[in-house]
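# Working through the structure, step by step
Spelled out from the first residue to the last, the chains are:
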Amino acid sequence: MRGSVLWGWLGPSLVAAFGGILRLVDLGRPRAVVFDETYYAKDAWALIHHGVERASLGTVEDPVADRMIIAGKTDFLVKCTPPEADPCPLYVAHPPLGKWMIGVGEQIFGMTPFGWRFAGAVVGVLSILILARVARRMTRSTMLGCLAGLLLALDGLHFVLSRTALLDIFLMFWVLAAFACLVADRDWARERLVTWYETSPLSDHGPGLGARPWRIAAGLCLGAACAVKWSGVFFLIAFAIMSLLWDAGARRAIGLRRPYAGALNRDLTGVVLVMGLLPAVTYVVSWAGWFASPLGWGRNWVQATSHGPAFFVFDSLRSWLSYHFQVLGFHTGLATPHNYESDPWTWPLLLRPVAFHYPPDKTGCGADSCAEAVLGVGTPVIWYGGLVALIAMIAWYVATRDWRAGAVLVGYAAGWLPWFYWAIADGRTMYLFYMIPMVPFMILALTLAAGLIIGKADAAPNRRAVGAAVVGAFTLLALINFGWLYPVLSAELISHSQWWARMLFRSWV
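As the structure is a computational prediction, the values presented were derived from the model and not from experiment.

## Let's talk about the overall build of the chain
Across its full length, the chain holds 18 helices and 4 strands. Burial status across the chain gives 55% buried among its 509 residues. Of all intrachain contacts in the chain linking residues separated by at least 6 positions in sequence, the fraction that spans at least 24 positions is 77%. Element-wise, carbon and sulfur atoms account for 67% of the exposed surface of the chain, whose accessible area totals about 22100 Å². On the chain, the mean spot of the 39 positive side-chain charges and the mean spot of the 31 negative ones are 10 Å from each other.

In structure tokens, the structure reads:
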């Protein structure tokens, strides 16, 4: 690893601080309930106060209730609809962890736009730091690590979701954290294998590596990802297979005769426990509020016929599983048309972003017609450059089998390709912002491509100078592009003509 340990932390931290300033300044703007905040902000408030979501007045989408919340009136949230329906359980379609995280901000700062957006902003900033660090580890370059963090800080979709109380930013955070842990585990395991190789007699399979702290951390993070949204399970499966293949590759690299058999014999059990059982336990624990409270939806679907702790646990699990089958039925049949729905094969092209916020009849911008918008769209320079970089990663992996290109492609594919099935087989309603868990992998592709363009440390100085100029120019374009879009990402009051000038395609309107 080139460079000092100090700069290895200071550089990424400074980039994360820059991203934090962008995300935390005017976080309460717009002072309104934006898009699906109408569900998640209220669900989070109920979880903090009751341990479960409740169908209180205004819990469902209700503009009047939303305006009352903005006015600081929250007493109605504790009342059932109708009153005789107490304890008024609410059916929800996503696990609770993301809403618990939103609720932390509400508990600290109150039921305000700043309060329910605070947790998303924090994990958005932390994800910039994590990406910078993992890119540094993968490239052995602090500069390239900082470039990755900066590009994530400048991505429009990441910026918008970091400032909105939706679940997807939390899914992205836990997926990225798990990937970072697995990359660290890869290095840790190889160090252990090298030590064994230098101090022990060779064998066909090699040693068992014992408890692996970074892999355990990855299992916890993947369980948390699934506890935010079920789509985290695709990353769980992909990362488990990828990690096992990394183990086999490490055993082959030190010259073992049967590396794949060694990975199956020595590492598979650990993968099953840490990437299977541990995430499952983490997921169940995230439902602790539902198990502990009698108020949750379907909590007493199974009426206990006997008493005692064993019967309580058994009947609770049966009720919990019944609830999950209801949710599965909801997701497999979710095909309600929506103005902003889009197909997954169009997402990388940014053809149909979601307008999170666009109130009519705004005034005060000094023009006849004003606009105040939050458009959930990526920074085009980054996304189109990222598409080219991903194609380059395919070519690089085919040509060299470089593990870094493979890891980036696995992460991107795990988040993107499953949606093709739902779109084709089920006609499911989907949106562009479902792409956010893949954005860090797209930026890692850009970062690795930047490293190839700049060249190795021992390349000719002119070659590196030209490569650095190309990468620097791209980064400057990304910064300019983000700055140009900033007013329509952050609900800045501008004239309608200024808003229209920022619509790259008519489909953005």
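## Structural notes on the nonpolar core
Ranked by internal contacts, the top residues of the largest apolar core, which has 145 residues, are F179, F239, F356 and F433. The element contributing the most residues to this core is helix α8 (residues 168-199), with 14 residues. Not counting residues up to four positions away in its chain, the partners in contact with F356 are V34, F35, V160, L161, T164, L166, V374, G376 and F433. Residues W188, A189, L209 and A250 belong to the second largest nonpolar core, which totals 8 residues.

## A look at the environment of I69
Within the secondary structure, I69 is located in helix α3 (residues 63-70). Overall, I69 belongs to the buried group, its relative accessible area being 3%. Between the C-alpha atom of I69 and that of S200, which follows or precedes it by 131 residues, the distance is 67 Å. Filtering out sequence-adjacent residues up to four positions away, I69 remains in contact with K42, F76, L77, M111 and W116.

## A few points about helix α5 (residues 113-139)
In this model α5 runs 39 Å from its N-terminal to its C-terminal C-alpha over 27 residues, within 8% of the 39 Å that 1.5 Å per residue would give. Of all the bends found along α5, the most pronounced is centred on A119 and spans about 30°. Taken across its 27 residues, α5 has 19 buried, putting it largely inside the fold. Looking one or two residues beyond α5, the residue adopting positive phi is R140, at roughly 60°.

## Structural notes on the state of the cysteines
Per the stated rule, a full pass over the model turns up 1 disulfide. Shown here is the disulfide that connects C365 with C370, its sulfur atoms set 2.0 Å apart. Between C365 and C370, the disulfide has an S-S torsion of -85° and is therefore left-handed. With relative accessibility at 8%, the residue C370 sits in the buried group. Left unpaired, C181 is separated from the closest cysteine sulfur, that of C221, by 4.6 Å. For C181, a relative accessible area of 9% translates into the label buried.

## Side note on the packing of α8 against helix α16 (residues 439-454)
Geometry of a packed helix pair, given as the angle between the helix axes and the separation of the axes. Put simply, α8 and α16 touch, their axes get as near as 10 Å, and they point 45° apart. Considering their axes alone, α8 and α16 lie oblique with respect to each other. Where α8 approaches α16, its residues M172, V175, L176 and F179 are matched on the opposing element by P440, F441 and L444. Looking at the contact of α8 with α16 residue by residue, the class counts come to 7 nonpolar, no polar and no charged.

## Considering the packing of aromatic side chains
Where two aromatic rings form a pair, the distance of their centres and the angle of their planes describe that pair. Tallying each qualifying case throughout the model produces 39 aromatic pairs. Arranged with centres 6.0 Å apart and planes meeting at 55°, the rings of Y283 and W320 form a pair that is tilted. Here Y283, found in helix α11 (residues 259-285), pairs with W320, found in helix α13 (residues 309-332); they are 37 residues apart in sequence, far enough to count as distant. The two residues Y283 and W320 agree in class, both being buried. An aromatic cluster is built from Y91, Y283, W287, W290, F291, W320, Y323 and F330, whose rings are joined through pairwise contacts. The ring of W246 has R186 sitting right over it, with the charged end atom 5.8 Å from the ring centre.

## Some remarks on the side chain of H158
With respect to the helices and strands, the residue H158 is situated in helix α7 (residues 156-162). H158 has contacts with R23, G124, S127, I128, L152, I169, M172 and I436, leaving out every residue within four places of it along the chain.

## A word on the confidence of the model for the chain
Of the residues in the chain, 94% have a pLDDT of 70 or more, and the chain-wide mean is 90. Mean pLDDT per element in the chain: α13 is the minimum at 78, and α7 is the maximum at 98.

## Here's the deal with helix α4 (residues 97-109)
Under the 1.5 Å per step criterion, the end-to-end length of α4 is 19 Å for 13 residues, consistent within 8% with the ideal 18 Å. Turning to α4, its buried residues are L97, G98, K99, M101, I102, G103, G105 and E106. For α4, the secondary structure elements touched by its buried residues are α2 (37-50), α5, α8 and α9 (213-226). Positive phi shows up at G110, right after α4, with a value of about 90°.

About the cut-offs
Residues numbered from 1 in each chain as written. Predicted model: local features only at pLDDT ≥ 70, side-chain atom pairs only at ≥ 80, totals over all residues. Heavy atoms only, no water. Helix = DSSP H or I, 4+ residues; strand = E, 2+ residues; numbered from the N terminus. Buried < 20%, exposed > 50% of the residue type's maximum accessible area, 1.4 Å probe, protein only. Contact = heavy atoms within 4.5 Å. Areas by Shrake-Rupley, 256 points an atom, 1.4 Å probe, with all protein chains shown as cover. Lys, Arg positive; Asp, Glu negative; His and termini not counted. Charge placed at Lys NZ, Arg CZ, Asp CG, Glu CD. Core = buried A, V, L, I, M, F, W, Y, C linked by side-chain atoms within 4.5 Å. Expected span 1.5 Å × (residues − 1). Bend = angle between axes of the 7 residues up to and from the residue. Disulfide = S-S within 2.5 Å. Axes fitted to C-alpha atoms, helices over the stretch in contact; angles between N-to-C directions. Parallel < 35°, antiparallel > 145°, perpendicular 65-115°, else oblique. Nonpolar A, V, L, I, M, F, W, Y, C, P; charged D, E, K, R; others polar. Phe/Tyr/Trp six-rings, centres within 6.5 Å; stacked < 30°, edge-to-face > 60°. Lys NZ or Arg CZ within 6 Å of the ring centre and 35° of its normal. pLDDT = per-residue confidence, 0-100.

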